[in-house]
Amino acid sequence: MDPKILIIGACGQIGSELTFKLRDLYGADNVVASDISYSNLDVVNSGIFEIVDAKDYTSVKTCIEKFNINTVYLMAAMLSATGEKFPMEAWDLNMISLFNVLNLAKSNFIHKVFWPSSIAAFGTTTPTDYTPQYTIMEPSTVYGITKQVGERWCEYYHNKYGVDVRSIRYPGIISWKTLPGGGTTDYAVEVYHEAIKHKSYECFLKQDTKLPMMFMDDAINATVNIMKADSKAIKIRSSYNLAAISFTPSDIEASIQKHMPEFKMTYAPDYRQAIANSWPKSINDSYARQDWNWKHRFSLDEVTEEMLFQLNKKYK
Ligand code: AKB
């Protein structure tokens, strides 16, 4: 079946790039972008765009019926740092939107669902190095709790109702087109913007805080490829560990200094340090590599080169 795609949360950091990629792959007419507001004009003006409230079942269903959608990418979510400020709002958005989409799949309005989980589903009792797929998961943030619970529900809907739902535990994602919002890994994007604009950056995490990260192109490839894979190859229906690179703020500082020796980072850790401390340092993603052939491409230095190149053009 040819995909007729709806992206919910298309104006966000990952949703926007996913929209462009899926339009390239499947044709602009087969990909409907949607969000709660017109907050990203590049996305809004790039093809079919609808206002959809992910928390409103009827709003999602109406859009699905209007465009004969069979595949949904649910990218709307409140991330870890903002979620700690608005716990109930994070719970409501992250859980209600997931149930809306899973229930539409259960009722056969759609046939395939992508839902992102995160390294935030792990917690302080999880082994931090080369974190295995199956391990202790006691998340301590509201966002992490929604991701862990969401994973359980995805697996349940697959086992119980045959819903074809696929998921990845994203690490921090680094990109230059659309800024992330409200995450703990956001420093790894902000730092490049500030390097170009001011040649300095005050980091909200300590210099030795190692976290799993990935360049956007790799994240988009993973997302597209897990959705393209034969259903039988997708053996894990909660969510797959996914890894590329792991680094600390001082590693990124050194990587930027290879191009800009004058660049300087200072450190002023805030409440996000505790969130970062509860997450893994590196991830074992051997199941994704084995089951659907996942491979990453970008090293930290390659990410730095691309970010500085693209942002230099943007701020000229
Ligand atoms: C966040 O920092 O909250 C997100 C994530 C790791 O899921 N980028």
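Rules and cut-offs
Residues numbered from 1 in each chain as written. Predicted model: local features only at pLDDT ≥ 70, side-chain atom pairs only at ≥ 80, totals over all residues. Heavy atoms only, no water. UniProt positions renumbered as here; feature names shortened; annotations may be inferred. Helix = DSSP H or I, 4+ residues; strand = E, 2+ residues; numbered from the N terminus. Buried < 20%, exposed > 50% of the residue type's maximum accessible area, 1.4 Å probe, protein only. Pairing = 2+ DSSP bridges. Salt bridge = Lys/Arg side-chain N within 4 Å of Asp/Glu carboxyl O. Phe/Tyr/Trp six-rings, centres within 6.5 Å; stacked < 30°, edge-to-face > 60°. Right-handed = clockwise from strand over helix to strand, strands pointing away.

J.: Before we go on, may I ask you to explain the UniProt feature "domain: NAD-dependent epimerase/dehydratase" (unreviewed entry) in the protein in this structure?
T.: Per the UniProt record, the feature "domain: NAD-dependent epimerase/dehydratase" (unreviewed entry) sits at residues 5-232. Helix and strand shares over residues 5-232 are 43% and 17% respectively, and the end C-alpha atoms of the span are 21 Å apart.

J.: Just to check I follow, could you spell out the pairing of strand S4 (residues 71-74) for this structure?
T.: The side chains of a regular strand alternate, first on one face of the sheet and then on the other. Neither face of S4 is left uncovered, since the one carrying Thr71 and Tyr73 and the one carrying Val72 and Leu74 both have all their residues buried. Examined bridge by bridge, strand S1 (residues 5-8) and S4 share four bridges and lie parallel to one another. Its bridge partner being in S4, Leu6 is matched across the sheet by Val72. Bridging between S4 and strand S5 (residues 112-114) involves three bridges; their strand directions are parallel. Bridging across to S5, Val72 finds its partner in Val113.

J.: Could you clarify how one ought to interpret the pattern of salt bridges in this entry?
T.: A side chain of one charge can pair with a side chain of the opposite charge when the charged atoms of the two come close. Enumeration according to the criterion identifies 13 salt bridges in this entry. Taking the shortest distance from any N to any O, the salt bridge between Arg152 and Glu155 comes out at 3.0 Å. Residue Arg152 and its partner Glu155 are located together in helix H6 (residues 142-161), separated by three residues, close to a single helical turn. A residue is classified by how much of its surface remains accessible, and Arg152, at 42% relative accessible area, is partly exposed. Between Asp270 and Arg272 there is a salt bridge whose closest N-O contact spans 2.6 Å.

J.: Could you clarify how one ought to interpret the packing of aromatic side chains in this entry?
T.: Aromatic rings in a pair are described by how distant their centres are and how their planes are angled relative to each other. Tallied over the full model, the rule gives 14 aromatic pairs. Ring centres of Tyr187 and Phe204 lie 6.3 Å apart, and the angle between their planes is 90°; this geometry places the pair in the edge-to-face category. Linking Tyr187 in helix H7 (residues 187-198) with Phe204 in the loop between strand S10 (200-203) and strand S11 (211-215), this pair joins segments that are 17 residues apart in sequence. Each member of the pair, Tyr187 as well as Phe204, carries the same accessibility label: buried. Through pairs of rings, three or more aromatic residues link up here, namely Phe99, Trp153, Tyr156, Tyr157 and Tyr161.

J.: Can you walk me through the pairing of strand S2 (residues 31-35) in this structure?
T.: Counting buried positions over the five residues of S2 gives five, a clear majority of the element. Burial along S2 is two-sided: Val31, Ala33 and Asp35 facing one way and Val32 and Ser34 facing the other are all buried. One ladder, built from four bridges, connects S1 with S2; its direction is parallel. Each bridged residue has a counterpart across the sheet, and for Ile5 the counterpart in S2 is Val31. Taken together, S1, helix H1 (residues 13-26) and S2 constitute a β-α-β crossover, and its handedness is right-handed. Across three bridges, S2 lies against strand S3 (residues 49-51) in parallel orientation. By the bridge assignment, Ala33 is partnered in S3 with Phe49.

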